[in-house]
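Listed below, chain by chain, are the residues.
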Amino acid sequence: MQVILIIKQLDKNMSTYQEILQSLLEVVAENPNSNLDELLTKKALEYGLSEKEVEDISSANSLIEKFESKNQKLVDARKIGMTRESFLYEEINNLIDGKEDKEKEIILAAIKDASENIDGNIE
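Below, the structure is looked at part by part.

Description of a nonpolar patch on the surface
Then step 1. Together, Leu-95, Leu-108 and Ile-111 make up a nonpolar patch on the protein surface, roughly 230 Å² of accessible area in all.
Then step 2. One can find Leu-108 in helix 6 (residues 101-122).
Then step 3. Given a relative accessible area of 39%, Leu-108 falls into the partly exposed group.

Considering helix 5 (residues 84-96)
Then step 1. Its 13 residues place the ends of helix 5 18 Å apart at the C-alpha level, agreeing with the 18 Å of an ideal helix rising 1.5 Å per residue.
Then step 2. Looking one or two residues past helix 5, Gly-98 carries a phi angle of roughly 85°, positive in sign.

Let's talk about the environment of Ala-44
Then step 1. With respect to the helices, strands and loops of the structure, Ala-44 is situated in helix 3 (residues 36-46).
Then step 2. Relative accessible area serves as the criterion here: at 4%, Ala-44 is assigned to the buried category.
Then step 3. The spatial distance from the C-alpha of Ala-44 to the C-alpha of Ser-58 is 9.9 Å, given a sequence separation of 14 residues.
Then step 4. Residues in contact with Ala-44, not counting those within four places in the same chain, are Leu-49, Val-54 and Ile-57.

About the thresholds
Residues numbered from 1 in each chain as written. Predicted model: local features only at pLDDT ≥ 70, side-chain atom pairs only at ≥ 80, totals over all residues. Heavy atoms only, no water. Patch = residues over 30% accessible without salt bridge, like charges linked within 9 Å, V, L, I, M, F, W, Y side chains within 5 Å. Areas by Shrake-Rupley, 256 points an atom, 1.4 Å probe, with all protein chains shown as cover. Salt bridge = Lys/Arg side-chain N within 4 Å of Asp/Glu carboxyl O. Helix = DSSP H or I, 4+ residues; strand = E, 2+ residues; numbered from the N terminus. Buried < 20%, exposed > 50% of the residue type's maximum accessible area, 1.4 Å probe, protein only. Expected span 1.5 Å × (residues − 1). Contact = heavy atoms within 4.5 Å.

By themselves these figures say nothing about function.
Here it is as structure tokens:
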């Protein structure tokens, strides 16, 4: 929310979040083959955002891309008959492969905690 307030203050022609978002989407649409991260960074700098804010935007974009990639892998796995559980099992095995036993325990405990927190928030 702070980023939006900064952008609003710096560009009086874009008084609402929707206008800012529309502006960014137009830039992306006009440059479909360009690097999205570079486009967002360029626009953020034009809006006068700090280096930290630009890094945050880039980091968020990277997380979204990773999520989309993993989601596509799951979709592809399901097309060949793999269940969500077996896909996740394979992903977890890849994550802990080659780790020391103590590291494996920490990773698996974190996954278990995250799963319980998600389940608790859904109910």
